[in-house]
Structure formats: structure tokens, C-alpha cells
Amino acid sequence: MGYRGMGSLSYTAMHNLIDKGANILSLADWNDARLILAIVKGGSFSAAAQALGLDQATVSRRIGALEGAAGRPLFERRRRGAQPTPAGLALAELAERMAGEAEAFERALSTLSRSMGRTVTIAASEGIISYLIAPALLHGSVGPLISDQDKFQGRLPSLSFVAEENSSGADISILTLGPDQVPSTRSAMRVRKIGTMKFTPVASKAYLERTGMPKSFDDIVNFEILDHSRYKSDKGLSPWNELIAARSNGPNLVVDTTSGFYIPLISGCGIALLPPYAPLYEESLTILDVAAPLMAIELWLAAHEDSLREPAVRTVYDAVAQMFLSSRWFR
């Protein structure tokens, strides 16, 4: 700032006074520091008043109050202006440091605001996007991730969803793995397990009224079966895949999306494997009353550590994690 040529109270002396209990400055708010700085820069009370949009009487009154708190004059009033005393000069130098920090604070706040305006991309399977995270994050819909008492109300940036096979450019990925598997990721990736998605055989009530309930899980082989093509790659669903393999002609219908067999399933075309919350979406569906083996996949949340430094990405990452971890359906 270049004030030292005017003579000043050194920082060491200032701190010594503070250590002795001297009340050098009782700072009411940042505007008091700005006022001292404006007088030193402008050279007079009137110049500071004009720069800050105040009247000169207000400037005089506030400086008087500050000098009362300091216990000594901060400025020498002269006919052509105001000259800082050593105490006033030391405070002005500190005030300029505060001004620099305030500017840095405002820049950081602006950066955070712009960052929240960016679009965050999430990669996941079609079923997880369509029935879980998209309804929850975009609409706060009541479902497996959100209850009536705990709707997600956080402010989120814009979101984009892509299929898991296109996850290379995504900010966040939801990975599905078999039991006892862990993600194979680069060291810069941050992953955390967010839950277990269990599966169970379901059918429409109308279908079971027509065919009767299977006597056991293995008896499902004698009924019409609707299957998802991706189930074959999920090791956690081996009992279901083995059951289908036992059929000489395979399943009655194979689809490549979860939504693809919802209409046939609801229409009463057969039995399908779905998470146990499926009846939440369609009351005509029911879980089969048979003892089924454990079938499940593990869900992991992954994001690069550089992406997580961005507030928008971190906000979404934490929101997704919290929703899954707090839901009883994924424990």
C-alpha cells in the first residue's frame, strides 16, 4: 500500500498493545475497516464520504466512535484533509489486507455460484436411472429412495443421465457388481459402496389368478418367464440364470431394458425378476410367495477426485449417496 513512509505503529507494537489488553479497535463490521481505508486513500473525510456514498457527518461520527474504542486519535484533522496517525495508519494497512481477503471471498463465492450452474452427468443402468435416481433427483418423487417424511429438498445443479456403457465422460457413475466384488478403478477415483439391490420373482396378480402360485422357486421353470438380457452378466443373479438355463427353450421374452418388460409383465404375460420395491410403481404386481435364494447386486458410487473438487459434482455425489444409504430397500 506504501503508507510506511508516513510513519506507522508497527505490527509488533500493535500486537503488544493487544496482548496487554489495550482496546485498539472494536470492529463493529467490515464497513468500519472500509471507512478507515477510504479516508487514508482519499486524504479527507469528504472524499471518503463521496467514495462510500455517505454524508460527511456520518463519517465524522463513525470515526469518532472508532477513536473512542481505540483510546487514541486515528486521524489528524487538518484544514485541507485528514492525515492518519501511526495508529490509524497501522489499522489502514490491516484494513487493506482485509480488503484483499474480502475480494478473494467474493471471487470464491462467484466461482461456487457458477459451478452450481454447470450440468453434472450421471452414468448408471437404465433401470437405476429410470426408476430411482432420475425421479428422486429431478422431482423428489416418493419411491424406494425417498419417503413422504423425507423428500429430497436440496438445491441441485442441472443433471444429465447416460447409460453405464457411456460412463467414460460422466462426472459420477453408479456401478453394479456381484457380491464380494470391488470396483476396479484408477487410484484417482473415489468409490464408496452405497447399498445392495436385492431381486425377487414378481408377477401380476391377474397372471397368478390364472395360473396359480408356483410351489417353489424351482417350479417357476414351468411358468412363462420374462427376462432381462443384462441379468446374464450379473453374478449375483446366478440362481435366476440357472433356472432359465434349465428350460429347454429359454425364456418366453427377453428384453434389453427394465421398462421393456413392464408392460408385458403388468399385462399378465409371465414372471420376471425385479427388486422387491417393484409393487411401489405398479400395484397390480406382487412378489411370489416362494422361498427364493438370495439374489443381489452391490451398488457403488464412483467419481474422479478432480471432479469432486467441483461443488456441483460434490453436491450431487453426496445427495445420491445419502439417498441410497438412508433407504431401507438397499440395506
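Definitions and limits used
- Residues numbered from 1 in each chain as written.
- Predicted model: local features only at pLDDT ≥ 70, side-chain atom pairs only at ≥ 80, totals over all residues.
- Heavy atoms only, no water.
- pLDDT = per-residue confidence, 0-100.
- Helix = DSSP H or I, 4+ residues; strand = E, 2+ residues; numbered from the N terminus.
- Contact = heavy atoms within 4.5 Å.
- Pairing = 2+ DSSP bridges.
- Axes fitted to C-alpha atoms, helices over the stretch in contact; angles between N-to-C directions.
- Salt bridge = Lys/Arg side-chain N within 4 Å of Asp/Glu carboxyl O.
- Buried < 20%, exposed > 50% of the residue type's maximum accessible area, 1.4 Å probe, protein only.
- Left-handed = near helix turned anticlockwise from the far one by under 90°.

Undergrad: Go over the confidence of the model for the protein chain, please, and point to the residues and values.
TA: Residues with a pLDDT of 70 or more make up 85% of the protein chain, whose mean pLDDT is 84. The spread of mean pLDDT over the elements of the protein chain runs between helix 1 (residues 11-19), the lowest at 45, and strand 7 (residues 200-204), the highest at 97. When the criterion is pLDDT under 50, residues 1-27 qualifies, and its contacts beyond four places in sequence or with other chains add up to 52 contacts.

Undergrad: I'd like a rundown of the side chain of Arg 247, residues and numbers included.
TA: Position of Arg 247 among the secondary structure elements: in the loop between helix 8 (238-245) and strand 9 (253-255). Not counting the four nearest positions on each side in its chain, Arg 247 is found in contact with Ile 220, Val 221, Phe 223, Ile 225 and Asn 252.

Undergrad: Tell me about the sheet that holds strand 3 (residues 119-124), residues and numbers included.
TA: In space, the five strands of this open sheet follow the order 4-3-5-12-6, with mixed pairing throughout. At either end of the open sheet lies a strand with only one pairing partner, and these are strand 4 (158-163) and strand 6 (189-198). Across the sheet, the mean angle from the axis of one strand to that of its neighbour is 20°, orientation sign disregarded. In terms of strand pairing, strand 5 (residues 172-177) meets strand 12 (residues 296-304) through six bridges, oriented antiparallel. When the bridges of strand 12 are listed, Ile 172 appears paired with Ala 303.

Undergrad: Before we move on, can you summarise the pattern of salt bridges with the specific residues and values?
TA: Enumeration over the complete set of coordinates arrives at ten salt bridges. Between Arg 77 and Glu 67 there is a salt bridge, with its nearest N and O atoms 2.7 Å apart. Here Arg 77 is found in strand 1 (residues 75-78), whereas its partner Glu 67 is found in helix 4 (residues 56-70), with ten residues between them in sequence. Arg 309 is paired through a salt bridge with Asp 306; the nearest N and O atoms lie 2.3 Å apart. Its relative accessible area of 58% is what places Arg 309 among the exposed residues. Connected through shared salt-bridge partners, Glu 164, Arg 230 and Asp 234 make up one network.

Undergrad: Before we move on, can you summarise the packing of helix 6 (residues 126-139) against helix 12 (residues 311-326) with the specific residues and values?
TA: Relative to each other, helix 6 and helix 12 sit at 115°, their axes nearing to 11 Å. Between helix 6 and helix 12 lies a crossing of right-handed hand. In contact with Leu 132, Ile 133, Ala 136 and Leu 137 of helix 6, helix 12 contributes Ala 319, Val 320, Met 323 and Phe 324.

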